[in-house]
Amino acid sequence: RAKNLGRNRYEFFSQNLQAEVINNKRTADAILAGIDNGEFTAWYQPQFCARTMELTGVEALVRWNHPTRGLLTPDQFLRIADDLNVVQQLDRVVLETALKDKMRWAARGVVVPKISVNVSSRRLHDEGLIETLTGLQIVPGEISFELVESIFLDESEDIVSHNLERIKALGIDIEIDDFGTGHTSIVSLLKTKPKRLKIDRQLVMPILTSLKERALVRSIIEIARSLDIETVAEGVETLEHAARLRALGCDVLQGYAFGRPLSFENFTEAATAATWRLAS
Ligand code: C2E
Ligand code: MG
Ligand code: MG
Ligand code: MG
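Model, not experiment: these values are computed from the prediction.

Visitor: Sorry, what's going on with the coordination of the magnesium ion (ligand 3) here?
Guide: Expected angles at a metal are 109.5 degrees for tetrahedral coordination by four donors and either 90 or 180 degrees for octahedral coordination by six donors. Every protein donor of the magnesium ion (ligand 3) is accounted for by Asp177 (OD), Asp178 (OD) and Glu234 (OE), and the metal-donor separations fall at 2.0 to 2.5 Å. Donor residues for the magnesium ion (ligand 3), ordered by position in the chain, follow D-D-x55-E. Between the magnesium ion (ligand 3) and the magnesium ion (ligand 2) the interatomic distance comes to 3.6 Å, and aspartate 177 is a ligand of both metals. Exposure remark for aspartate 178: the relative accessible area of 25% places this residue in the partly exposed category.

Visitor: Looking at this structure, how should I read the coordination of the magnesium ion (ligand 2)?
Guide: For the magnesium ion (ligand 2), every protein donor is listed as Glu59 (OE), Asn118 (OD1), Glu146 (OE) and Asp177 (OD), and the spread of their distances is 1.9 to 2.2 Å. The motif formed by the donor residues of the magnesium ion (ligand 2), counted along the single chain, is E-x58-N-x27-E-x30-D.

Visitor: Even after reading the chapter, I still don't get the layout of surface pockets, so can you show me in this structure?
Guide: Summary: where empty space remains is shown by rolling a probe the size of a single water molecule over the atoms. The volume enclosed by the largest pocket comes to roughly 1,100 Å³. Lining the largest pocket we find 36 residues, and of these Glu59, Leu61, Pro74, Asn118 and Asp177 sit closest to its centre. Mapped onto the lining of the largest pocket, the elements with two or more residues apiece are strand E2 (54-66), helix H2 (78-83), helix H3 (87-107), helix H4 (121-124), strand E5 (143-148), strand E6 (173-179) and helix H8 (201-204). Considering every element that reaches the lining of the largest pocket, the biggest residue donor is E2, with 5 residues.

Visitor: Just to check I follow, could you spell out the pairing of E5 for this structure?
Guide: Among the 6 residues in E5, 5 count as buried, and that is most of the element. Judged from the 4 bridges that link them, strand E4 (residues 115-118) and E5 form a sheet pairing that is parallel. Directly across from isoleucine 115, in E5, lies its bridge partner isoleucine 143. Note that E5 and E6 share 5 bridges and pair parallel. From the neighbouring strand, glutamate 146 faces E6, where its bridge partner is glutamate 175.

Visitor: Teacher, can you tell me more about the pattern of salt bridges here?
Guide: Opposite charge on two side chains makes pairing possible when the charged atoms of those side chains draw close. If you walk through the whole model with that rule in mind, you get 11 salt bridges. Overlapping salt bridges bring together Glu59, Glu146 and Lys198 as one network.

Visitor: Explanation requested: the packing of helix H9 (residues 211-226) against helix H10 (residues 239-248) in the structure shown.
Guide: When two helices pack together, their arrangement is given by the angle between the helix axes and by the axis-to-axis distance. Running from N to C, H9 and H10 point in directions that differ by 45 degrees, and their axes come no closer than 10 Å. The angle between H9 and H10 falls in the class oblique. Seen along the crossing, H9 lies across H10 with a hand that is right-handed. Contact with H9, carried on its side by Arg214, Val217, Arg218 and Ile221, involves Arg244, Leu245 and Leu248 of H10 and no other residues of that element. Partitioned by chemical class, the residues of the contact of H9 with H10 number 4 nonpolar, no polar and 3 charged.

Visitor: Help me understand the packing of aromatic side chains in this model?
Guide: Each pair of aromatic rings is reported with the distance of its centres and the angle of its planes. Tallied over the full model, the rule gives 8 aromatic pairs. Seen from their ring centres, tryptophan 64 and phenylalanine 77 are 5.6 Å apart, and the 90 degrees between their planes marks the pair as edge-to-face. With a gap of 13 residues between them, tryptophan 64 in strand E2 and phenylalanine 77 in the loop between strand E3 (70-72) and H2 connect regions that are remote in the sequence. Members of the aromatic cluster, joined through ring pairs, are Tyr44, Trp105, Phe264 and Phe267. Sitting over the face of the ring of phenylalanine 264, arginine 104 holds its NZ or CZ atom 3.7 Å from the ring centroid.

Visitor: For this particular structure, what's the right way to read the packing of H3 against helix H11 (residues 264-272)?
Guide: Relative orientation of the contacting elements H3 and H11 amounts to 35 degrees, with a least axis distance of 12 Å. As H3 packs across H11, the resulting crossing turns out to be right-handed. Side by side, H3 and H11 meet where Asp101, Arg104 and Trp105 of the first sit next to Phe264, Glu265, Phe267 and Thr268 of the second. Taken together, the residues of the contact of H3 with H11 sort by class into 3 nonpolar, 1 polar and 3 charged.

Visitor: In this structure, what is going on with the site of ligand 1? I would like to understand it.
Guide: Surveying the vicinity of ligand 1 reveals 22 residues, the closest of which are Arg63, Asp91, Asp177, Glu237 and Tyr256. Between ligand 1 and aspartate 178 there is a distance of 3.0 Å, counted from an oxygen atom to a side-chain nitrogen or oxygen. One of the backbone N or O atoms of tyrosine 256 is found 2.8 Å from an oxygen atom in ligand 1. Here ligand 1, which alone exposes 800 Å², has 84% of that area covered by the protein. Applying the majority rule of atoms within 2 Å of the grid points places ligand 1 in the largest pocket. Counting residues per element, the ones that place at least two in the shell around ligand 1 are E2, H3 and E6. Per-element tally for the shell around ligand 1: the top contributor is E2, with 4 residues.

Definitions and limits used
- Residues numbered from 1 in each chain as written.
- Chains lettered and ligands numbered in written order.
- Predicted model: local features only at pLDDT ≥ 70, side-chain atom pairs only at ≥ 80, totals over all residues.
- Heavy atoms only, no water.
- Donors = N, O, S within 2.8 Å, 3.2 Å for Na, K, Ca; no water.
- Buried < 20%, exposed > 50% of the residue type's maximum accessible area, 1.4 Å probe, protein only.
- 1 Å grid on protein atoms, 1.4 Å probe; cavity = no way out; pocket = protein on both sides within 12 Å on 5 of 7 lines; lining within 4 Å.
- Points joined across faces, edges and corners; volume = space filled by probe spheres on them.
- Helix = DSSP H or I, 4+ residues; strand = E, 2+ residues; numbered from the N terminus.
- Pairing = 2+ DSSP bridges.
- Salt bridge = Lys/Arg side-chain N within 4 Å of Asp/Glu carboxyl O.
- Axes fitted to C-alpha atoms, helices over the stretch in contact; angles between N-to-C directions.
- Parallel < 35°, antiparallel > 145°, perpendicular 65-115°, else oblique.
- Left-handed = near helix turned anticlockwise from the far one by under 90°.
- Contact = heavy atoms within 4.5 Å.
- Nonpolar A, V, L, I, M, F, W, Y, C, P; charged D, E, K, R; others polar.
- Phe/Tyr/Trp six-rings, centres within 6.5 Å; stacked < 30°, edge-to-face > 60°.
- Lys NZ or Arg CZ within 6 Å of the ring centre and 35° of its normal.
- Near = heavy atom within 4 Å.
- Polar contact = N/O pair within 3.5 Å; in protein donor to acceptor, adjacent residues only side chain to side chain.
- Areas by Shrake-Rupley, 256 points an atom, 1.4 Å probe, with all protein chains shown as cover.
- Sits in = over half its atoms within 2 Å of the grid points.

Below, the structure is given as structure tokens:
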């Protein structure tokens, strides 16, 4: 019986695996078609000054308007896009969409001081990145690139350090995303001099109940401050979290407590409904 069970289990897994392979292939083809058909876009999540609660900016997050499956989030396609070596094209779509939307907001009197976009490791390794960026209308200080910690391990690579330098020269700020989950050393922090550290949700969520995470978050904020680096807390889900982070000296708050990612239209509506304090 046990043997039978084992075999059934094996068949079950192998069927699952086969289904997954077929499914991934289907998704991969659909991603390539979706890029051509303009199915990818940016949604926006607000970020607020912890002290004044004014809107300081937004994070642009990729979304896929899939023709049959509806709206898809990055967990449903980003890894496959990365495997396919097309994630950098999604990054590009998001940046170009964000720049267009920024102009649309300006035309409607909505002030969004800064837009942060996520940049994949593949894009940061791209030889043609700077040329692409130079062709865009980027106002210094209005765009940030969020890079995950692991990218800074590649900083010894010529192309990465070259791109980082030129990105900064274009007036684009560098932010370290998901900080606290990777292996960034203080030394590499000093070398890169990012504008901001985004403290990962995994560290932020437990701060009310766990002394360990609270101490870690406190130390990160203190170190960042002493290096003149701003801190952003991600995954701020409750007002209690917000109050604690404010007390710890965190600069910027982002999370469901204040706003979920929204489409351009819904974001614009929320921003003009006077429920948010807009910077002037
Ligand atoms: P991330 O850069 O750390 O973005 C924050 C993620 O946390 C977003 O998920 C956001 O919706 C979610 N989030 C925000 N506030 C809360 C909260 O209070 N609680 C919880 N539980 N979650 C919250 P999303 O949009 O699904 O994106 C997931 C990840 O996909 C991003 O994590 C980022 O690593 C990646 N990503 C998103 N857009 C892009 C893009 O355009 N390019 C690249 N390369 N990666 C992207
Ligand atoms: Mg991010
Ligand atoms: Mg993040
Ligand atoms: Mg994160």
